[in-house]
Amino acid sequence: MAPTLPGVRLGILVNTALAVPVGAVGWFVHGGSGVASGIVGLVLVVTFFVAGKVALIAVGRRSTGMLLPMALGVYAIQVIALGAVLVAASSGSAIDPPVFGWSVFAGALAWSCAEVVSAFRLRIPFYDPKSFRADNPCPDDDPGKRP
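Some words on the overall build of the protein
Here comes step 1: Check the secondary structure of the protein and you find three helices and zero strands.
Here comes step 2: Taken over 147 residues, the protein has a buried fraction of 24%.
Here comes step 3: Look at the contacts in the protein between residues 6 or more apart in sequence, and 74% of them connect residues 24 or more apart.
Here comes step 4: Counting only carbon and sulfur atoms, one obtains 73% of the accessible surface of the protein, whose full area is about 10000 Å².

Following this line, the structure appears as structure tokens:
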């Protein structure tokens, strides 16, 4: 589970750097409430992704067989929570919904790109290289077992 930490660090770094242009666009579009809306959107993205990673790391340490069900559960909870936040934000006047929505989109896209870059930098194979060597015959290829 240690390979997930560089992705988290890079995601936080990229979203922190994204705060400057998001804040500038928010200021241009709606002044102070636009800046606040953009920053709240980015904080929400970082919070959701970090919470998901922490939950999956905790489950992965206990039972790797539960990673997929837990990932699906975390994703469902995050979608429901995001919906609740969006409904709450649209009913109030402090948050500007378009700036908030676009900052969430930009932050999630930036986080995803940071995860991909981090995965390529780590160069961890998705398979076991030893089992795919040419000198490692398949156990089913034993000529003595054939009828």
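Back to the text.
A look at the nonpolar core
Grouped burial of nonpolar side chains is what soluble globular proteins tend to show.
Here comes step 1: Ranked by size, the top nonpolar core spans five residues in total: Leu44, Val45, Phe48, Phe100 and Val104.
Here comes step 2: Only helix H1 (4-62) and helix H3 (97-122) provide two or more residues apiece to this core.
Here comes step 3: For Val104, the contacting residues outside a window of four places in its chain are Gly41, Leu44 and Val45.

Quick word on H3
Here comes step 1: Between its first and last C-alpha, H3 extends 37 Å over 26 residues, near the 38 Å set by a 1.5 Å rise per residue.
Here comes step 2: Among the residues of H3, those classed as buried are Val99, Phe100, Ser103, Val104, Gly107, Ala110, Trp111, Ala114 and Ser118.
Here comes step 3: One or two positions beyond H3, positive phi appears at Arg123, with a value near 55°.

What counts, and where the lines are drawn
In every chain, residue numbers begin from 1 and rise along the written sequence. Thresholds applied to this predicted model are a pLDDT of at least 70 for local features of residues and 80 or more for the giving and counting of side-chain atom pairs; totals over whole chains, interfaces and linings are not thresholded and use all residues. Side-chain measures were taken over the full set of non-hydrogen atoms in the model, leaving aside hydrogen atoms and water. Helix and strand definitions follow DSSP, with helices as H or I runs of at least four residues and strands as E runs of at least two, each counted in order from the N terminus. Note on exposure labels: buried denotes an accessible area under 20% of the residue type's maximum, exposed denotes more than 50%, and partly exposed covers the range between, all computed with a 1.4 Å probe on protein chains only. The contact rule is simple, with two residues in contact once any of their heavy atoms fall within 4.5 Å. Using the Shrake-Rupley algorithm and a 1.4 Å probe, accessible areas are obtained, with residue cover drawn only from the displayed protein chains. Grouping buried Ala, Val, Leu, Ile, Met, Phe, Trp, Tyr and Cys residues that are joined through side-chain atoms within 4.5 Å yields what is termed a nonpolar core. What a helix is expected to span follows from its residue count: subtract one and scale by 1.5 Å.

Spatial relationships are all this shows, so hold off on functional conclusions.
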